[in-house]
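What follows is each chain in one-letter form.
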Amino acid sequence: MSKSLQLKEEGNRHFQAGDYIGADSLYSKASPIHPTSIIADPKNPALYTNRAMARLKLNHWDSVISDCETCLSLSPNNMKAHYYLAQAQLSLRDFDGALQHALEAHKLCAANNDKSLAAVTGIVLRCKKERWADREKKRLRLETEVEDRMVELLRKERDEMLAAVAPGDEAERKAIEDEADERMNVLRNVFEAAREQNQKKREVPEWAIDDISFNVMVDPVITKTGKSYERASIMEHLRRHPSDPLTREPLTPADLRPNLALRQACEEFLDKNGWAADW
Amino acid sequence: MATGMRSKRVAKERQKIDKFGLPPGIELVEGNDLKEWLFDIRVLDSNPIYDGNIFRLKFVFSDTYPIEPPEVTFIERPSRPIPIHPHIYSNGIICLDLLGNQGWSPVQSAESVCMSIQSMLTSNTKNERPPGDEEFVRGNKQRPRDIEFLYHDNTV
């Protein structure tokens, strides 16, 4: 057994036992000068993904990212590297990057019938949800800021008009003040109504929901009955029973076809309604 | 990797029930836990066998739900008897193909299972237990879904 394989297997044992620091240092070739930067076999991609997994458990996001990137430069289609990278980027709030790598991992899982498909589908949904939540927060903050500024402008305009009123002309003063109050009220109400509208529309259309997991679909596949399911869910079912969930007729993974139009519709729905990723 | 689908799926079934309610005659008694629910069901049409009775169903969702079926049994409580039916043993075990590994489908839900059981009671005309009930209740150690039931009488 080569030294690097030995170190890797020992690292795996430490990982299994929950000793992530120990696993990290075994995946790295412990060197007194560069304790973490040198890895036992710089050409072995599995060492990088294993170490990334240990570092993921330790919340060392930056080093997860560098390990995954190194791994991807050696082996661009490494599913685990994309998967761990997405998780680290998500923790660092790089939502676009995280989603991109989560989708890449998902594509590889689907193509290789990988058992991690369900977990990877979950990460894709989480990325979409958190990306939406982040955009939503920014949008709300901007809206509130615009609202406050507009009110401030109206107030300024009123004050300028009041300054120009002849001394003692109380009727004119009152008219200016009333008009300004009304305008400010209208402005506040319009913004408030927009906010309420946003809260109301929180309903997930039936067509977007997978009848097995009850989640919004990420990668819908269609069976010969014409019904679509989330790929991860139906694959999980077919592993136990190669039958159509509706008709119980024989059904195998090879019979499934991607439903591209529905996939796009679900994608567009989630882009606008990221909250639904956790409906 | 385990599916890990159960908690989210059960939570979503719960949300759906809270939002849309349940069909008449079916009521969720205890549904806060994501592993175990209790329902009360009663027969709506006048069936002299079950007249005025309410029955309690226990659902146990395993980690592999909904890929595998929930374990569903009637449980006995004061004023909640075990219904008399040729496919229901006196210990509450229900012989229904939908609840076995072969008959189950992941598109079924707790609600749809309740409805199937409700209609199984509604249409029953035989005021009797399954053949061999006493012996079965004494001897059975298996989990309901693993039992290979013989469907003695498919007319019920």
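Since we're looking at a predicted model, the values are computed, not measured.

Here we come to the UniProt feature "domain: U-box" (unreviewed entry) in chain A. UniProt marks residues 203-276 of chain A with the feature "domain: U-box" (unreviewed entry), using the numbering shown here. With 31% helix and 11% strand, residues 203-276 of chain A has its two end C-alpha atoms placed 8 Å apart.

Accessible area lost when the parts come together is the quantity often used to give the size of an interface. Across the contact, 13 residues belong to chain A and 12 residues belong to chain B. Contributions of two or more residues to the side of chain A that touches chain B are made by helix H7 (117-164) and helix H9 (231-240) of chain A. Per-element tally for the side of chain A that touches chain B: the top contributor is H9(A), with 3 residues.

This paragraph deals with the nonpolar core. With 55 residues, the main nonpolar core has Cys68(A), Tyr84(A), Ala86(A), Ala102(A), Ala105(A), Val120(A) and Cys127(A) as its most contacted residues. Broken down by element, this core gets its largest block of residues, 8 residues, from helix H5 (residues 79-91) of chain A. Within the second largest apolar cluster, 27 residues are counted, among which are Phe61(B), Val72(B), Ile93(B) and Leu121(B).

Residue and element names in this part refer to chain A. For the pair H7 and helix H8 (residues 170-200), the least separation of the axes is 10 Å and the interaxial angle reads 175°. The angle between H7 and H8 falls in the class roughly antiparallel. Side by side, H7 and H8 meet where Glu143, Glu147, Met150, Val151, Leu154, Arg158, Met161 and Leu162 of the first sit next to Arg173, Ile176, Glu177, Ala180, Arg183, Met184, Leu187 and Phe191 of the second. When the residues that make up the contact of H7 with H8 are grouped by side-chain class, the tally is 10 nonpolar, no polar and 6 charged.

Let's shift gears to the packing of H5(A) against H7(A). All names here are of chain A. Their axes nearest at 11 Å, the elements H5 and H7 cross at an angle of 25°. By the criterion of interaxial angle, the relationship of H5 to H7 is roughly parallel. Between H5 and H7 the crossing geometry is left-handed. Contact residues: Tyr83, Ala86, Gln87 and Leu90 in H5; Val120, Ile123, Arg126, Cys127 and Glu130 in H7. Per-class residue counts for the contact of H5 with H7 are 6 nonpolar, 1 polar and 2 charged.

Looking now at the confidence of the model for chain B. Residues of chain B with pLDDT of at least 70 account for 88%, and the chain-wide mean is 88. Under the prediction, the complex receives an ipTM of 0.79, its pTM being 0.76.

Another aspect to go through is the sheet that holds strand E3 (residues 55-60) of chain B. All names here are of chain B. The strand order across the open sheet built from 4 strands is E1-E2-E3-E4, with neighbouring strands paired in antiparallel fashion. Each edge of the sheet is formed by a strand with only one pairing partner; in this case those strands are strand E1 (26-30) and strand E4 (71-75). Averaged over all pairs of adjacent strands, the angle between their axes in this sheet comes to 30°, without regard to strand direction. In this structure, strand E2 (residues 36-41) lies alongside E3, joined through 6 bridges in antiparallel fashion. Within E3, the residue paired with Trp37 across the bridge is Phe59. The strands that helix H2 (residues 110-122) touches are E1, E2, E3 and E4; relative to E2, the one it contacts most, it runs at about 35°.

Calculation criteria
Residues numbered from 1 in each chain as written. Chains lettered and ligands numbered in written order. Predicted model: local features only at pLDDT ≥ 70, side-chain atom pairs only at ≥ 80, totals over all residues. UniProt positions renumbered as here; feature names shortened; annotations may be inferred. Helix = DSSP H or I, 4+ residues; strand = E, 2+ residues; numbered from the N terminus. Contact = placed C-beta atoms within 7 Å. Core = buried A, V, L, I, M, F, W, Y, C linked by C-beta atoms within 7 Å. Buried ≥ 20, exposed ≤ 12 C-beta atoms within 10 Å, placed from the backbone. Axes fitted to C-alpha atoms, helices over the stretch in contact; angles between N-to-C directions. Parallel < 35°, antiparallel > 145°, perpendicular 65-115°, else oblique. Nonpolar A, V, L, I, M, F, W, Y, C, P; charged D, E, K, R; others polar. Left-handed = near helix turned anticlockwise from the far one by under 90°. pLDDT = per-residue confidence, 0-100. Pairing = 2+ DSSP bridges.

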